[in-house]
Each structure stands twice: as structure tokens, then as C-alpha cells.
Amino acid sequence: TFSATSSSWTVSGANTSINNFRFTSSVSDLVLCLDITAANVTVSNVYATDAGATLEILTPFKATGAANTSDNLWIENCRFVSTSTACLEMLQLDAATNGLVFIDNFMVTEGTTTAVLIVGPTGAHLNAYIARNKISTKIASGNLGIDLASTSCTGLMIDNHIGHADTTTTHDFGGTGAGFR
């Protein structure tokens, strides 16, 4: 349980595996749980959830640092469940990456802003594999699954499923605009 808004666990050692953890927050708007700043990190079977009505996690995982600092990041079979409208993305990529694997994850939130699986405000994400993820949010427009700034991403995005509140006729998972096929 994290007890300060800025609490997090920094993963700075390359070739690190984090398996079978449950993260909860004892404060409102916990910014993040894992701050990943190394290459070849594997995160699996992690469950991030609210501890109460106003004790929410905004983003469970962030890959921070310079371009390619978090190459070969592997996130698998993780869950992010929140009843908060303030929650954001499951994974934020702060710079370019190579070899991201993001598979079999599950996200159910009441988030209404950027509550998507993956956000990448800068940098191309090359050779990514994003597959078999499930997401349900209250987003009403825009990219509903991933929101990456670059149009030069490469890799595969396959078999992802979304539930959302978008009532327009232009639903977009977000992959084609990022360059995924």
C-alpha cells in the first residue's frame, strides 16, 4: 500500500522481474506504482486497485527516462481496476521504446479522460506486440485503446477488446494512427 501521492517503486535494475504483487493506495490520486527506468524488465500478475472510494491509483506503470531506457519492457497478465473517474492509463511510455510486449492485461475503470491501456506522449515505439488485452472505460471520444504521439510505431496490435462510452460513429482503438498494422 502506497501512503503518499508521490509514492512509487522505482525499478532501475536491468533484467528485473516483478511477479504476483497487489498494489493499493491509501491516498487520493496516487500518481503511479511502478516507475520503470531500466531495460528488459518483466512485470506479470500485478493487480492495481483502489483501496476505497477516494483512494485511487492514477497510473499503475510508467516507463520513464531517456529514449530506449525501457527497451524490451514486458507487461503481462496484469489488472487495473478503479471506480474513479480520475484514473488515467495503465501504462505511460515517456520516451521511445523498442520491443514492448503488452499482452493479456485487463483494465476496467470509470476514467473519462485518458483512461486507455497505453499512452506515449513522445517517441516512436518500435517492434511492439500489443495483444489480447481487455479494457472497459467511460471515455466518450478519441483514441479508445492506445494514444501514442508518434505515427512511426511498428509491430503488431492484435485481438484487443474495448468497452467504452463513445456514442459517435468513429470509434478508434488508436493503433492505425500510431503506425501499427
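Sequence order sets the numbering: in each chain, residues are counted from 1 along the sequence as written. Only residues with pLDDT of 70 or above have their local features reported here, since the model is predicted, and side-chain atom pairs are shown and tallied only from 80 upward, although totals for entire chains, interfaces and linings are computed over all residues. Derived side-chain values reflect all non-hydrogen atoms in the structure, with water molecules and hydrogen atoms excluded from consideration.

Undergrad: Pulling in residues and values, what's your account of the overall build of the protein?
TA: Along its length, the protein carries one helix and 18 strands. Compactness check: the protein gives a C-alpha radius of gyration of 15 Å against a globular reference of 16 Å for 181 residues, within 12% of the reference. Expressed along its principal axes, the backbone C-alpha trace of the protein runs to roughly 40 × 40 × 25 Å. Exposure categories follow from relative accessible area, calculated using a 1.4 Å probe and restricted to protein chains: below 20% of the type maximum is buried, above 50% is exposed, and the middle band is partly exposed. Relative to its full complement of 181 residues, the protein shows a buried share of 48%. Nonlocal contacts in the protein, meaning residues at least 24 apart in sequence, comprise 81% of its contacts between residues at least 6 apart. Accessibility throughout is a Shrake-Rupley quantity obtained with a 1.4 Å probe, and a residue counts as covered only by protein chains that appear here. As displayed, the protein has an accessible area near 7600 Å², and 51% of this comes from carbon and sulfur atoms. Secondary structure elements are defined from DSSP: runs of H or I of at least 4 residues count as helices, runs of E of at least 2 residues count as strands, and each element is numbered from the N terminus. Only C-alpha atoms enter the radius of gyration; for comparison, a globular chain is expected to reach 2.2 Å times N to the power 0.38, where N is the number of residues. A contact between two residues is defined here by any heavy atoms of the two lying within 4.5 Å.

Undergrad: How would you explain the sheet that holds strand E16 (residues 146-148) if you had to name every residue and give the values?
TA: Pairing is parallel in the open sheet, where six strands are placed in the order E1-E3-E5-E8-E12-E16. The outermost strands of the open sheet, each flanked by one partner alone, are strand E1 (9-11) and E16. Strand-to-strand, the axes of this sheet are offset by a mean angle of 20°, without reference to chain direction. Two strands pair if DSSP finds at least two bridges between them. Fitting a line to C-alpha atoms yields each axis, with helices limited to the stretch in contact; the angle taken between N-to-C directions then spans 0 to 180 degrees.

Undergrad: I'd love a proper account of the pattern of salt bridges, names of residues and values included.
TA: Any Lys or Arg side-chain nitrogen found within 4 Å of a carboxyl oxygen on Asp or Glu counts as a salt bridge. Considering all chains together, one arrives at two salt bridges under this definition. With a closest N to O distance of 2.8 Å, Arg132 and Asp104 form a salt bridge. Pair noted here: Arg132 is in the loop between strand E14 (128-131) and strand E15 (134-136) and Asp104 is in the loop between strand E10 (101-103) and strand E11 (106-109), with a separation of 28 residues, a long-range link. Salt-bridge contacts for Glu110 lead to Lys138; the nearest nitrogen and oxygen are separated by 3.9 Å. Here the residue Glu110 occupies a position in the loop between E11 and strand E12 (118-120), and Lys138 occupies one in the loop between E15 and E16, the gap between them amounting to 28 residues. With a relative accessible area of 30%, Glu110 lands in the partly exposed category. The partly exposed category is assigned to Lys138, whose relative accessible area is 41%.

Undergrad: Describe the pairing of strand E7 (residues 79-82), with residues and values.
TA: Alternating residues of E7 divide into Phe80 and Ser82, all buried, and Arg79 and Val81, none buried. Where strand E4 (residues 42-49) and E7 come together, three bridges link them in parallel fashion. Across the sheet, Ala48 pairs through a bridge with Phe80, a residue of E7. With four bridges connecting them, E7 and E11 associate as parallel partners. Residue pairing for E11: Val81 is matched across the bridge by Val108.

Undergrad: An account of the side chain of Thr59 is needed here, citing residue identities and associated values.
TA: Examined against the element boundaries, Thr59 turns out to sit in strand E5 (residues 57-63). When sequence neighbours within four positions are dropped, the list of residues in contact with Thr59 reads Leu30, Val31, Leu32, Cys33, Leu88, Glu89, Met90 and Gln92.

Undergrad: How would you sum up the packing of aromatic side chains? Please name residues and give values.
TA: Only Phe, Tyr and Trp rings take part, Trp by its six-membered ring, and two of them pair if their centres are within 6.5 Å. Stacked means planes under 30 degrees apart, edge-to-face means over 60, and tilted covers everything else. All chains considered together, the criterion is met by three aromatic pairs. Aromatic rings pair up to connect Trp9, Phe21 and Phe23 into one cluster. Taking the ring centre of Phe106 as reference, the NZ or CZ of Arg79 above it sits at 4.3 Å. Only when the NZ of Lys or the CZ of Arg is both within 6 Å of the ring centre and within 35 degrees of the ring normal is a charge said to sit over the ring.

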